[in-house]
Structures are given as structure tokens and as C-alpha cells.
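Architecture and fold: a report
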Amino acid sequence: MTDYLGFISYSHADAKDLTEDLDKYLQKHQMHFSTVYDGHIPEGEPLETIKEKLRQCSIFILIVTTDSLTSDAIAEEVEIAKEKQMKIITCKNKYVKKDWHELPWGLSKYKGLEFENMYELRRNIVYSLGNIIDEIESENTSNVIDEETKEKFQEIPAESKTVLKSHISSMEKSEKSDNIVIQTDKSVYLYNSDMICTVINTDKKSINPINLVIFDEEKNIVYKNSIPINPNGNGIYQEIINVGGDGWNDRPGSEYIISAEHEGSKAALSFYLSDFGAIVELDQKVYTWTDKVQITIVAPDLVIDPNRIERIGNNPESTITILTRSSKLENYELVETNPGSGIFVGEIRLTGFRNYDARGDGQMEKTMGSTSGQGPTDGLLECGNDDGLNVILKTKRTEFNAGALIRWNIGEIQWEKSNYNFGDTGKLIVIDPDINLNPNMIEIIPIRVWSDSDPVGIETIAVETGKNTGIFVSDLQFGNKTTQSSLKVTKGDTITAEYVDRTLPDPYQLGNNLAISSTTIIGELYPPLERIELKNPRILDKNGHTLTSVSVEQTIQIASDLSNITNYDQKFAYLVSIKAEDDVPTEPLWITGTIMKDQSFTSSISWTPKHSGKYFATIYVWKSVDNPEALSPPISLEIEVL
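Residues numbered from 1 in each chain as written. Predicted model: local features only at pLDDT ≥ 70, side-chain atom pairs only at ≥ 80, totals over all residues. Heavy atoms only, no water.

Considering the sheet that holds strand β38 (residues 589–595)
Short version of the rule: At least two bridges found by DSSP between two strands is the condition for calling them paired. Helix numbering and strand numbering both begin at the N terminus, where a helix is a DSSP run of H or I of at least 4 residues and a strand a DSSP run of E of at least 2. Angular values range over 0 to 180 degrees, each being the angle between N-to-C directions of two axes fitted as lines to C-alpha atoms, with helices fitted over their stretch in contact.
Strand order across the open sheet formed by four strands is β38-β37-β40-β41, with antiparallel pairing between neighbours. At either end of the open sheet lies a strand with only one pairing partner, and these are β38 and β41 (635–641). Taking each pair of neighbouring strands and ignoring which way they run, the sheet shows an average axis angle of 20°. Across eight bridges, the pairing between strand β37 (residues 570–580) and strand β40 (residues 613–622) is antiparallel. Paired with A580 across the strands is Y615, a residue of β40.

Printed below as a string of C-alpha cells:
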């Protein structure tokens with residue numbers, strides 16, 4: 001079979017993830033197909049060079065996404081493909097809000113397929129490529145029929161030619177014969193599927209039948225039939241043959257020869273059993289301990305009856321095992337999406353482990369640590385917080401598998417807005433998929449919230465946004481008193497919300513807790529370090545006079561000027577940290593107070609040095625002694641004690 005070269009055209013703006021390693025995937029599953037696209041072309045290579053490489057291809061794959069609709073480069077590539085009469089496969093993302101006839105390139109007559117994600121795109125292209133390559137092979141085969149056979153073919157009535165053409169498809173080159181031609185509808189078949197075999201015999205004079213035989217690789221006859229000659233017919237004979245059964249070798253990739261012989265004229269060609277194997281896919285690479293797991297297995301070789309929806313995983317042809325380090329599900333069934341699709345799907349739910357209070361409320365989900373189910377959607381599987389998941393498909397000949405990690409996450413908490421006004425209702429958002437303990441129900445978690453005006457605060461309840469989101473929200477009003485649904489605040493307050501995460505990943509240990517907080521401000525938002533201006537640090541004596549030198553045991557004032565640059569009153573703490581030359585700090589000194597709107601004054605702290613030497617004082621302005629949120633950048637002062 002000839003090797004075919006294809007070009008993948010896509011938008012770099014929104015389709016890069018879709019096409020990542022797409023060439024390797026296609027070449028793996030279509031051994032006679034290779035790809036060219038600009039992922040292979042060195043950066044900076046001229047556009048004309050890309051176009052020249054496109055012109056060398058015979059198959060054009062167009063990935064239609066939203067941004068591709070306005071791409072001039074893609075429009076040029078499509079025109080070249082049409083001009084060169086390439087086989088075109090148009091792949092349209094389901095989120096593109098245009099029907100096929102609304103696409104800008106005039107491709108409605110070409111093959112089209114829709115996809116939702118990278119996995120569906122890959123699977124669909126593989127099948128479309130198989131059909132395209134079959135078409136090309138069929139066209140190539142029709143060109144090798146010798147002239148004499150062509151002349152005899154012309155004698156066939158027009159209506160019979162139409163019937164014949166509808167059944168000619170891909171095949172290996174048939175042996176030349178004066179009077180007989182043999183064709184099959186495909187070159188590759190699933191085991192136990194039907195073949196449409198067409199024999200053209202121009203000799204109507206002999207009464208002897210046509211002998212039709214199929215040989216396996218060992219030259220054993222697996223099928224034999226005699227086709228009577230119809231002297232009044234058009235010379236076209238068709239047989240529907242089941243590829244499989246007693247005597248057939250069901251090994252994937254097996255080659256068979258089908259031969260037709262009549263009165264010394266003979267034609268033969270090869271066909272093969274499908275050797276697609278199977279692809280096992282999971283919808284995520286990392287799961288949390290209570291996630292739902294979507295499983296897809298592409299296994300056309302396991303299709304037995306293409307006319308009905310089938311199941312795999314619990315029969316002599318295939319078994320599916322799903323396991324973690326803690327437990328496993330054996331003989332789990334997946335169901336086919338459509339009759340003959342060869343795509344089998346199912347899901348399970350991870351259930352974590354028992355006797356762990358993940359929410360800290362003393363309530364534990366009853367299904368935690370359960371393992372049960374036969375499929376395709378009722379599976380429950382126990383797992384750990386630092387575990388692995390593996391899905392294994394075992395057939396008579398080999399195994400296929402896919403794996404993923406199971407890990408806890410560090411939660412997130414945030415206010416919807418960075419500041420609110422007095423009387424507003426604030427929205428608090430917590431994201432922690434580990435606390436979505438049952439993906440079939442909406443859950444709640446407790447959150448502690450407090451303000452500068454009410455440092456005790458309240459415990460509010462955050463409610464999950466849906467049955468399986470792992471996102472929790474809580475609404476809280478900011479007013480002049482604290483209730484179950486409101487918090488006492490004043491202008492300038494910082495509001496703090498705290499969520500305690502009890503499901504922490506490595507390097508944390510089982511049972512560790514982590515308090516995660518988020519703050520918002522009541523009133524106009526100012527940059528964090530631009531709410532109080534701190535300047536002019538200096539040393540004063542007890543009468544307020546500036547000192548240039550300090551003596552041991554002399555009481556001094558470490559002073560600075562403060563200005564409130566917000567439009568609200570601001571509580572503050574004025575702190576001084578003093579270190580000697582040996583870098584050993586003294587106990588920090590502080591005073592607290594309130595600076596009014598637009599107010600400025602001097603703040604100072606007394607200090608008496610006990611020893612001579614050089615000291616370094618760092619001055620801070622915080623929201624409070626207990627809340628080291630800086631209201632201004634710190635400043636420093638050097639003090640020489642004689």
C-alpha cells in the first residue's frame with residue numbers, strides 16, 4: 001500500500017492544544033499516513049515554503065475553531081488544497097457557532113466531522129482517514145485495469161456500471177485477467193463483519209460457474225463458493241461473505257487472499273483483519289479522592305455485531321480491571337456509544353477512605369471507602385489521598401491500559417471584590433475539590449469571618465454551586481451589628497475570611513490542617529502601603545527637642561510624623577524594633593491609636609539604652625499589634641549611644 005502525506009491546518013490562537021502530538025497519534029493508528037504542519041516547520045520559515053510543502057500533500061485536514069474562521073493563512077491553505085484537488089477532511093469544533101454551510105471556504109461538498117475535545121477529534125480523524133485512504137486506493141486500483149478490460153467494461157450497461165461503482169473500494173492491486181475482475185468494499189475488516197465482494201466476468205458463453213475461494217496466510221481454504229453464470233445478466237456478481245467463523249484465524253492483522261477463477265481466467269487480491277488494537281483514555285490526568293472518572297476505550301476489533309450496541313469488559317473476549325492501591329473492580333463493563341462505533345464508555349466514582357473528618361464538622365459521608373459495581377456507571381472504588389488509578393483492558397492476546405494520579409489539593413479562598421461599601425453584601429468563594437465528598441449531592445462547609453470592629457466574628461456556611469463542582473459560595477452583609485447573616489463593620493475595616501483545609505497534599509501529613517485566609521476592605525480601596533504616610537524619623541529628648549547624641553541611661557523618644565491619606569478614620573499600631581550591632585533585637589515597643597480622616601501628628605515611643613554602641617531602629621505602622629498588615633512602608637533610624 002502506498003504511503004500518503006497529509007497537511008494539518010489549524011489556528012495557533014485557539015487550537016494549539018488540540019493539535020499537540022496529533023501527527024504522532026495519526027501515524028501510530030494509520031501506518032500508511034504521515035503529516036506535515038507548521039509544528040514541523042522551523043520558526044521564521046517563509047510562508048511560501050510552507051505553501052510549497054502543502055502542495056506536496058494529497059490529504060488536507062482542516063481544524064475549524066473560532067479563530068480559524070478569520071485566519072488569512074488558513075484561507076490560503078484551503079484554496080491551495082482545493083486547487084490541487086486534495087482529499088479534504090473538515091473537523092469542526094462543536095463550539096463554533098456556524099453551521100457547515102456557513103463556513104467561509106466553500107467546503108460543503110467535502111467530508112466533515114464534528115468534535116468536542118482533543119480525544120474525540122483524534123478518534124474521528126482516524127476513522128475518516130481510513131475511509132479517505134480507501135477511496136484513494138480504489139481510485140488507484142481503477143487506473144491499473146488494462147486497456148482490454150476497460151474496453152470490455154464499456155460494454156456493461158450504464159445502469160450496471162452505477163451498481164458496480166457503488167461497491168468498489170480500497171484493495172490491494174488485483175491480478176490482471178482478460179475476462180475477470182474482483183473487488184471488495186474495503187481492504188481491512190473487523191473480525192466477524194461482512195464483506196461485499198464484487199466479481200466482474202465478461203465471459204457469458206461458458207456454463208461453468210465462477211469459483212470463489214479465500215485462503216489464509218497458511219494457504220488454508222477458509223471460504224469456498226461457486227457462483228453460477230447468468231448468460232442474460234450484466235456480468236456483475238456480488239457475494240456477501242462473513243469474515244470470521246470456523247476455520248478463520250481471528251488474529252488482528254492477518255492477511256487473506258480472495259481469488260475468483262473462471263475458465264482459466266483468474267483474479268485475486270489481499271485483505272486484512274483489523275489490527276487497530278485499543279486505546280484506553282481517562283478524562284483527567286490527576287483526580288482528587290472523590291472524583292468521578294470518565295473512561296473511554298476505542299476498540300473496533302472488539303465489535304462482534306455492528307448492528308447492535310455491545311458491551312466489553314466482562315466476557316471471554318475482553319476483561320476490564322480498574323484498580324487503586326487500596327482496592328479494585330474486576331470484570332467492569334463499558335457500553336458502546338452507537339451500534340458498530342467501536343467506542344465504549346463508562347464511569348466510576350472514587351470514594352476515598354473511611355473514618356476521616358475532611359470538613360471538620362464531625363459528619364462523614366456514608367459511601368466513603370466503598371468498592372462495588374459492575375458498570376457501566378455504577379462503580380464505586382476506594383482509594384487513598386496519595387494514590388494511583390489504573391484501567392486495564394485485557395484481550396486474548398494483549399493488554400492495554402491508562403493511568404492517572406490521585407492527589408489532594410490545597411484549597412483557595414477569595415472575596416469576589418477587593419473592597420465593599422458599608423451596607424453591601426459580600427460574596428465569598430472557596431475552591432476545594434477535595435471537599436466534594438459526594439459528587440451526586442450539593443454540600444456545605446463552614447467558614448469563619450471577622451472584622452476589625454468585631455474580631456470574634458461569626459461562622460458562616462458556604463454552599464456548593466452544583467452537585468459536582470467543588471466550588472462553595474457564601475453571601476454576608478456588612479452592617480452595624482453582627483447576626484447569623486451579617487457582620488459588624490465600620491469604614492476602613494479589614495474583613496478576614498478563613499477556611500481550614502484538612503485535605504493537604506505532600507509534604508503535609510495525614511491529619512495536618514492549614515488555615516487559608518482572604519481579606520477585603522470596607523470603604524474606598526487604597527494601595528496597601530499608602531494609607532498612612534510615615535516620615536521624618538528622629539530622636540527627641542523628654543522636652544521634645546531634637547538630639548544629635550545619646551548617652552547610656554538617657555531616656556529618649558523615637559518619633560516620626562504620621563498623616564492619614566485616606567478618607568476615613570484609621571486605627572493603627574506604631575511599633576519600633578531596635579537591634580544592636582551584634583544583630584540581637586530588643587523587645588519591640590509599641591503604642592496604638594486612631595488617626596482621623598485627613599489628620600497629621602507626631603507619634604513617639606520612649607526608650608532608655610543600657611549600653612553604649614550603635615543601634616538600628618526600624619519603625620512600622622500596622623493595622624494592629626495582632627494584625628501585622630502594613631499601612632505604610634517601614635523606615636529606619638541609626639542611633640549612636642555614647
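Observations regarding the nonpolar core
As a rule of thumb, soluble globular proteins bury nonpolar side chains together. To be explicit about the condition: In this text, buried Ala, Val, Leu, Ile, Met, Phe, Trp, Tyr and Cys residues form a nonpolar core when linked through side-chain atoms within 4.5 Å. Exposed residues in this analysis have more than 50% of their type's maximum accessible area, buried residues have under 20%, and partly exposed residues fall in between, with area computed by a 1.4 Å probe over protein chains only. The criterion used for residue contact is that any of the two residues' heavy atoms lie within 4.5 Å.
W289, I297, I322, I348, L389 and I447 are the most contacted members of the largest nonpolar core, which totals 56 residues. If you tally residues by element for this core, the top one is strand β25 (residues 399–407), at four residues. Those residues in contact with I297 that lie beyond four places of it in its chain are A278, I279, V280, I312, I320, L334, G342, I343, F344 and L393.

Quick look at unusual backbone geometry
Going from G375 to P376, the amide bond is cis rather than trans, its omega being 0°. By secondary structure assignment, the location of P376 is in the loop between β22 (343–350) and β23 (379–381). Of note, the amide linkage connecting D506 to P507 takes the cis form, showing an omega dihedral of 15°. In this structure, P507 sits in the loop between β33 (494–501) and β34 (514–522). Although it is not a glycine, K219 sits at a positive phi angle of roughly 70°. Relative to the helices and strands, K219 is located in the loop between β9 (210–215) and β10 (221–227). Its identity is not glycine, yet N331 carries a phi of approximately 55°, on the positive side. Within the fold, N331 resides in the loop between β20 (328–329) and β21 (334–336).

Nothing here speaks to function; it is geometry throughout.
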